[in-house]
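What follows is each chain in one-letter form.
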Amino acid sequence: GNSVTQMEGPVTLSEEAFLTINCTYTATGYPSLFWYVQYPGEGLQLLLKATKADDKGSNKGFEATYRKETTSFHLEKGSVQVSDSAVYFCALDTGRRALTFGSGTRLQVQP
Amino acid sequence: DAMVIQNPRYQVTQFGKPVTLSCSQTLNHNVMYWYQQKSSQAPKLLFHYYDKDFNNEADTPDNFQSRRPNTSFCFLDIRSPGLGDAAMYLCATSRGIPSRGSYEQYFGPGTRLTVT
């Protein structure tokens, strides 16, 4: 079956530090991959996506590259801000109209 | 702005007392989803509608029902809430037509349900 594995949190960084949140997946076929962000008390917002191998999704300084050979979609940001503190979910879609989510990684950025 | 709206944002109900959560959308999307999210966990899909076609996940308890009277609205009914049903309930929509192979989903802000 399909599954998504994310690194466990919380990830605690100082402002302006480099961020990596690892995500690997198992899926049949050729899934689309997503990163969603959830701020405290709110719903999920789509952060970025990639629909085929070697695609790079980017938004608000965040990037992730779809690596089929390593079945990975790691999230990166060069310089985090306190406002980036949130929970980040990696997810995949194999065309079933349903997302499979990872367990989420909490990011805490300290001033 | 086109969006997904959930009401209420916070709902308190008593053990065993039926409760209904509502979701509306101005995106004119074909597909509407209901997810349950417990603290520090990933959202768990309960069911979704593709137009009027209802799709229940195999492990969704019978206690959870849904109605979609028209394209814009979808309701989640919990017939007899238990303490274990306290969670955030998220509504989401998608176009139902893959855009470059994906069904991108748009989420509402969620309703946090407390069961006393």
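Here the structure is a predicted model, which is why all the values come from computation and not from measurement. (Residues numbered from 1 in each chain as written. Chains lettered and ligands numbered in written order. Predicted model: local features only at pLDDT ≥ 70, side-chain atom pairs only at ≥ 80, totals over all residues. Heavy atoms only, no water.)

Trainee: Quick rundown of the state of the cysteines? Include the residues and the values.
Mentor: All chains considered together, the criterion is met by 2 disulfides over all chains. Between the sulfur atoms of Cys 23 of chain A and its disulfide partner Cys 90 of chain A the distance amounts to 2.0 Å. The chirality of the disulfide connecting Cys 23 of chain A with Cys 90 of chain A is left-handed, given an S-S dihedral of about -70°. Of this pair, Cys 23 of chain A sits in strand E4 (residues 23–26) while Cys 90 of chain A sits in strand E10 (residues 86–93), and the two are 67 residues apart along the sequence. Here the two residues Cys 23 of chain A and Cys 90 of chain A agree in accessibility, since each one is buried. The partner cysteine of Cys 23 of chain B in its disulfide is Cys 91 of chain B, sulfur to sulfur 2.0 Å. Taking the sign of the torsion about the S-S bond as the criterion, the disulfide between Cys 23 of chain B and Cys 91 of chain B, at about -75°, is left-handed. In this pair, Cys 23 of chain B is assigned in strand E3 (residues 19–25) and Cys 91 of chain B in strand E9 (residues 87–94), connecting sequence segments 68 residues apart. Each member of the pair Cys 23 of chain B and Cys 91 of chain B is classed as buried. Here Cys 74 of chain B is not disulfide-linked; the sulfur of Cys 91 of chain B is the nearest cysteine sulfur, at 6.1 Å. Taking the relative accessible area as the measure of exposure, Cys 74 of chain B reaches 1% and is therefore buried. (Disulfide = S-S within 2.5 Å. Helix = DSSP H or I, 4+ residues; strand = E, 2+ residues; numbered from the N terminus. Buried < 20%, exposed > 50% of the residue type's maximum accessible area, 1.4 Å probe, protein only.)

Trainee: Describe the environment of Asp 93 of chain A, naming the residues involved and giving the relevant values.
Mentor: Of note, Asp 93 of chain A is situated in strand E10. According to the relative accessible area criterion, Asp 93 of chain A is buried, its value standing at 1%.

Trainee: So what about the nonpolar core? Which residues, and what values?
Mentor: Burial of nonpolar side chains together is a common tendency in soluble globular proteins. All names here are of chain A. Counting residues in hydrophobic clusters, the biggest one holds 25 residues, and the most contacted among them are Leu 19, Trp 35, Leu 48, Phe 73, Leu 75 and Tyr 88. Sorting the residues of this core by element identifies strand E2 (11–14), strand E3 (19–21), E4, strand E5 (32–38), strand E6 (44–50), strand E8 (62–65), E10 and strand E12 (105–110) as the ones contributing at least two each. In terms of residue count, E10 provides more of this core than any other element does, 4 residues in total. Sequence-distant contacts of Leu 75, defined by excluding residues within four places in its chain, comprise Leu 19, Thr 20, Ile 21, Trp 35, Leu 47, Leu 48, Phe 62, Glu 63, Ala 64 and Tyr 88. (Core = buried A, V, L, I, M, F, W, Y, C linked by side-chain atoms within 4.5 Å. Contact = heavy atoms within 4.5 Å.)

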